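Remarks on the overall topology
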Amino acid sequence: MPRTKRESIFFTAITAWMMVYVMTLYNTILATRSFTNATFLIALKSMWIEYIIIALLAYFVSGHLAKMCAFRIVQPGDRPIFIIFSIQTFTVIWQVAFASILGVYHRYGFTANFIPDYLMTYCRNFIMAFLLQLIFVGPLARLIFRTIFIKSEKAKSTTKIQNQDEKILE
């Protein structure tokens, strides 16, 4: 998984984009009680402010909190899949907590019912976000990441080996 700051930013950006788009789509459907082809475009048009906020929170806050919580349960020597699932679980817990604040404010504002609205929004979004992250977004983001960064690393190391071979032959 990400080893450099650049790789970490890229991975966070693609994961956040997929999660925010699908969750915006999901909440648009819940709010309008309608699901048409136009809903996909509505979600795409209305997601960008949330995307920027959620991506920044994921990179600077939630990612660190998730790892801190996850490594209270798993150890660095545990099977990688358990570590990944643990980090993903806590990332969803923290991100849904932050995103639900945005969602409640966006939909209802800060009213006297903020806490009940927040709890309902959190529970509704957590169920969807958790399954989405574990089953679809997490694996797809890792596949995209591996495809881009592993191929580029292989190409770099192949070029490096070829250059070394040429120097030996000279």
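Treat the numbers as computed from the prediction; the structure is a model and nothing was measured.

Another point: the overall build of the chain. The helix and strand tally for the chain stands at five helices and zero strands. N-terminal to C-terminal, the α/β element order of the chain is α-α-α-α-α. Out of the 170 residues belonging to the chain, those deemed buried represent 32%. Pairs at least 24 residues apart make up 66% of the contacts formed inside the chain by residues separated by at least 6 positions. For the chain, the exposed surface amounts to about 11100 Å²; the carbon and sulfur share of it is 70%.

A few words on unusual backbone geometry. Non-glycine residue Arg-33 carries a positive phi angle of around 55°. Looking at where Arg-33 falls in the secondary structure, it is placed in the loop between α1 (5-32) and α2 (37-46).

Running from N to C, helix α3 (residues 48-70) and helix α4 (residues 80-108) point in directions that differ by 140°, and their axes come no closer than 8 Å. By the angle class used here, α3 and α4 are oblique. Here α3 runs over α4; the crossing is right-handed. Residues Glu-50, Ile-53, Ile-54, Leu-57, Ala-58, Val-61, Ser-62, Leu-65, Ala-66, Lys-67, Cys-69 and Ala-70 of α3 touch α4, and the partners they reach there are Ser-86, Ile-87, Phe-90, Thr-91, Trp-94, Gln-95, Phe-98, Ala-99, Leu-102 and His-106.

Turning our attention to the nonpolar core. Core analysis: the largest hydrophobic core is formed by 28 residues, its most contacted members being Tyr-51, Tyr-118, Ala-129 and Leu-132. For this core, the secondary-structure elements that each account for two or more residues are α1, α3, α4 and α5 (114-169). Sequence-distant contacts of Ala-129, that is, excluding residues within four places in its chain, are made with Met-19, Met-23, Val-92 and Val-96.

Considered as a void within the structure, the largest pocket measures approximately 1400 Å³ in volume. Lining the largest pocket are 45 residues, and of these Ala-16, Met-19, Ile-54, Ala-58 and Gln-95 sit closest to its centre. Of all elements in the fold, only α1, α3, α4 and α5 reach the threshold of two or more residues within the lining of the largest pocket. The leading source of residues in the lining of the largest pocket is α4, at 15 residues. Along the lines of polarity and charge, the residues of the lining of the largest pocket split into 21 nonpolar, 19 polar and five charged.

It is worth spelling out the side chain of Arg-142 at this point. As for its position among the elements, Arg-142 is in helix α5. For the buried Arg-142, no salt bridge exists, and the shortest N-O distance to an oppositely charged side chain is 14 Å, to Glu-7.

Attention shifts here to α1. Note: α-helices contain 3.6 residues per turn, so residues at a spacing of three or four share the same orientation. For α1, which comprises 28 residues, the first-to-last C-alpha distance of 39 Å matches the rise-based estimate of 40 Å (1.5 Å per residue) to within 8%. One or two residues past the end of α1 sits Arg-33, with phi positive at roughly 55°.

Of note, Val-61 is situated in helix α3. The class of Val-61 is partly exposed, set by a relative accessible area of 30%. With 33 residues separating them in the primary sequence, Val-61 and Trp-94 have C-alpha atoms 8.8 Å apart. Once residues within four sequence positions are removed from consideration, Val-61 is found in contact with Leu-56 and Phe-98.

What counts as what
- Residues numbered from 1 in each chain as written.
- Predicted model: local features only at pLDDT ≥ 70, side-chain atom pairs only at ≥ 80, totals over all residues.
- Heavy atoms only, no water.
- Helix = DSSP H or I, 4+ residues; strand = E, 2+ residues; numbered from the N terminus.
- Buried < 20%, exposed > 50% of the residue type's maximum accessible area, 1.4 Å probe, protein only.
- Contact = heavy atoms within 4.5 Å.
- Areas by Shrake-Rupley, 256 points an atom, 1.4 Å probe, with all protein chains shown as cover.
- Axes fitted to C-alpha atoms, helices over the stretch in contact; angles between N-to-C directions.
- Parallel < 35°, antiparallel > 145°, perpendicular 65-115°, else oblique.
- Left-handed = near helix turned anticlockwise from the far one by under 90°.
- Core = buried A, V, L, I, M, F, W, Y, C linked by side-chain atoms within 4.5 Å.
- 1 Å grid on protein atoms, 1.4 Å probe; cavity = no way out; pocket = protein on both sides within 12 Å on 5 of 7 lines; lining within 4 Å.
- Points joined across faces, edges and corners; volume = space filled by probe spheres on them.
- Nonpolar A, V, L, I, M, F, W, Y, C, P; charged D, E, K, R; others polar.
- Lys, Arg positive; Asp, Glu negative; His and termini not counted.
- Salt bridge = Lys/Arg side-chain N within 4 Å of Asp/Glu carboxyl O.
- Expected span 1.5 Å × (residues − 1).

Take it as geometry only, folks, not as evidence of what the structure does.
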